[in-house]
Amino acid sequence: MSEREKVTLPRLFQKVEEGEPITMLTCYDFPTASFQDQAGVDMILVGDSLGMTMLGYDSTLPVTMDDMIRHSQAVRRGAPNAWLIGDMPYMSYQPSVETAIRNAGRFMAEAACDAIKLEGGAEMADRMAGIVAAGIPAMGHLGLTPQSVTALGGFRVQGRGAEQAKRIADDAKALEDAGAFAILLELVPDRVCQIITERAKNCFIISLGSGPHAHGQLLIYHDMFGLYPKFKPRMAKVFADAGAVILEGLKQYVQEVNDRSFPQPENWFGMPDEEYEELLRMLD
Ligand code: KIV
């Protein structure tokens, strides 16, 4: 298990100050969390993308608070030292500031998260401010925000035009003013990300498919290891095709059971002859 020091918010801001990039990945389960903590990942996001990557839905919308809490608890058990962010699922914060604070509090109290993330810009600034005022560090999420994928017209780049890019920059300012410690920019052009990063004073910027100029990078774990069978987003780099390795192993298992080359003696346990004889006598 991990021996590293616990990542704290001052440590994250120190990295930003010293120009060191922040690393961030999604994670949804205990063993993966353990690997990520050992690898030294700074921030782990238990994303509501688990609705797609782990539960097989076509979108993140069906994910519930109880789903998120269960997965966040497992990740915290595997990664005691990474800065753990619980992703607020659809309709867990949109209805009111009070709903937002109560559900953000569940991530902290029930799953020992360090922070939460929510989607949306100026229209969510009051939720962000309420959560921060309750003492809970909160991260914003702009650009492609999957909970609004229908309104955005699909999983596509946001802010290619100047007008929309200006709106995203204004939203980033509104979230920063509301107290966000960080903002994730998903699928916005690199130059838009650069401008927002340069303007950020009291928060840092994380890029997901938004170029190299942010303070840190995020990838979806399943994309970087070829573990999501439905599609591979263009911006994701496959660091190792674990999905192909697993599929090969599974095919080999099926073949070996069918041709009776598995199991071998090292895969089972015997019993002493005298105990076996005694058992046969007892069964007669
Ligand atoms: O749910 C998630 O994993 C996310 C990422 C797309 C950033 O919000």
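For the structure given in this document, a descriptive report is provided here. Note that residues are indexed from 1 along each chain, following the sequence as it is written. It should be noted that, the model being predicted, local features are given only for residues of pLDDT at least 70 and side-chain atom pairs only at 80 or more, the latter also being counted only at that level, while totals for whole chains, interfaces and linings use all residues. Computation of side-chain values: all heavy atoms of the structure, hydrogens and water removed.

**Things to note about the sheet that holds strand β7 (residues 204-208)**
With respect to topology, eight strands assemble into a closed barrel ordered β1-β2-β3-β4-β5-β6-β7-β8, the strand pairing being parallel. Across the sheet, the mean angle from the axis of one strand to that of its neighbour is 25°, orientation sign disregarded. Taken together, the five bridges between strand β6 (residues 182-186) and β7 define a ladder with parallel strand orientation. In the sheet register, Ala182 faces β7, and the bridge partner there is Phe204. Against the sheet, helix α6 (residues 125-133) touches β4 (115-117) and β5 (138-143), its axis set at about 160° to β5. In this scheme, strands are said to pair when DSSP sees at least two bridges between them. Comment: elements are numbered from the N terminus, with helices defined as DSSP H or I runs of at least four residues and strands as E runs of at least two. Only C-alpha atoms enter the line fits that serve as axes; for helices the fit covers just the stretch in contact. Angles between N-to-C directions range over 0 to 180 degrees. Whether two residues touch is decided by their heavy atoms; if any such pair falls within 4.5 Å, the residues are in contact.

**Observations concerning the site of the ligand**
The near set for a molecule or strand comprises every residue that places at least one heavy atom within 4 Å of it. Around the ligand, the surrounding shell holds 13 residues, and the nearest of these are Asp48, Ser49, Asp87, Lys117 and Leu184. Throughout this description, a polar contact denotes any pair of N or O atoms lying within 3.5 Å of each other; where both atoms belong to protein, one of them has to be capable of donating a hydrogen while the other can accept it, and for residues adjacent in sequence the pair is counted only when both atoms sit in side chains. At a separation of 2.9 Å, an oxygen atom of the ligand approaches a polar side-chain atom of Asp48. Measuring from an oxygen atom of the ligand, one finds a side-chain N or O atom of Asp87 at 3.0 Å. The fraction of the free accessible surface of the ligand (260 Å²) that becomes covered by protein chains is 97%. Note on areas: Shrake-Rupley, 1.4 Å probe, and residue coverage restricted to the protein chains presented here.

**Some points on the pattern of salt bridges**
Basic side-chain nitrogens of Lys or Arg form a salt bridge, by our definition, when they fall within 4 Å of a carboxyl oxygen of Asp or Glu. Scanning all chains against the criterion turns up 14 salt bridges. Two residues, Asp42 and Lys15, come together in a salt bridge whose shortest N-O distance is 2.8 Å. Remark: Lys15 occurs in helix α1 (residues 9-17) and Asp42 occurs in the loop between α2 (30-39) and β2 (43-46); sequence separation between them is 27 residues. The residues Asp42 and Lys15 share a single accessibility class, namely buried. Partly exposed residues are those whose accessible area sits between 20% and 50% of the maximum for their type, while under 20% is buried and over 50% is exposed, using a 1.4 Å probe and protein chains only.

**Brief notes about a nonpolar patch on the surface**
Taken together, the side chains of Met271, Tyr276, Leu279, Leu280 and Leu283 make up a nonpolar region of the molecular surface, amounting to roughly 470 Å² of accessible area. For Met271, the position within the fold is in the loop between α11 (242-258) and α12 (273-283). According to the relative accessible area criterion, Met271 is partly exposed, its value standing at 45%. By definition, no residue in a patch forms a salt bridge, and every one has over 30% relative accessible area; like charges are joined within 9 Å, nonpolar side chains (Val, Leu, Ile, Met, Phe, Trp, Tyr) within 5 Å.

**As for the layout of surface pockets**
A water-sized probe, rolled over the atoms, reveals where empty space remains. The calculated volume of the largest pocket comes to roughly 710 Å³. The classification used treats Ala, Val, Leu, Ile, Met, Phe, Trp, Tyr, Cys and Pro as nonpolar, Asp, Glu, Lys and Arg as charged, and all other residues, Gly among them, as polar. Considering only residue class, the lining of the largest pocket consists of 17 nonpolar, nine polar and 10 charged. Here the second largest pocket defines a volume of roughly 330 Å³. What lines the second largest pocket is a set of 20 residues, among which Glu123, Gly143, Thr145, Leu152 and Asp171 lie closest to the centre. Throughout, the protein atoms alone are placed on a 1 Å grid, and a set of points is a cavity if a 1.4 Å probe fits but cannot get out or a pocket if it is open with protein on both sides within 12 Å along at least five of seven lines; lining residues have an atom within 4 Å of a point. Grid points are joined across faces, edges and corners, and a volume is the space filled by probe spheres set on the points.

**Comments concerning the packing of aromatic side chains**
Each Phe, Tyr or Trp ring, with Trp reduced to its six-membered ring, pairs with another whose centre is within 6.5 Å; inter-plane angles below 30 degrees give stacked pairs, above 60 give edge-to-face pairs, and intermediate values give tilted ones. Across all of its chains, the model carries six aromatic pairs by this definition. Ring centres of Phe13 and Phe204 lie 5.2 Å apart, and the angle between their planes is 75°; this geometry places the pair in the edge-to-face category. One end of the pair, Phe13, is in helix α1; the other, Phe204, is in strand β7, with 191 residues separating them in the sequence. Ring geometry for Tyr228 against Phe231: centres 5.4 Å apart, planes inclined by 90°, an arrangement best described as edge-to-face. Taking relative accessible area as the criterion, Phe231 reaches 41% and is therefore assigned partly exposed. Of the aromatic side chains, those joined through ring pairs into one cluster are Phe13, Trp83, Phe181 and Phe204. The criterion for a charge sitting over a ring is simple: Lys NZ or Arg CZ within 6 Å of the ring centre, and within 35 degrees of the ring normal. The aromatic ring of Phe239 is capped on one face by Lys237, whose charged end is 4.6 Å from the ring centroid.

**Observations regarding α6**
If you check which residues of α6 are buried, you get Ala125, Arg127, Met128, Gly130 and Ile131. In this structure, the buried residues of α6 make contact with α5 (97-111), β4, β5 and α8 (162-177). Positioned one or two residues after α6, Gly135 has a phi angle of 90°, which is positive.

**Remarks on the side chain of Gln158**
Inspection of the secondary structure assignment puts Gln158 in the loop between α7 (149-152) and α8. A polar contact is formed between the side chain of Gln158 and the backbone oxygen of Arg156, at a distance of 3.0 Å. Those residues in contact with Gln158 that sit more than four places away from it in its chain are Gly143, Leu144, Leu152, Gln164, Ile168, Leu187, Val188 and Pro189.

**Focus: the pairing of β2**
Because side chains alternate across β2, one face comprises the buried residues Met43 and Leu45, and the other comprises Ile44 and Val46, equally buried. Between the parallel pair strand β1 (residues 22-26) and β2, the chain is carried across by α2, and the sense of this crossover is right-handed. One ladder, built from four bridges, connects β2 with strand β3 (residues 83-87); its direction is parallel. Bridge pairing in β3 links Val46 to Gly86. Place the viewer so that the strands point away; then a crossover is right-handed whenever the path from the first strand over the helix to the second strand goes clockwise.

Note that all results are geometric; they support no functional claim without further evidence.
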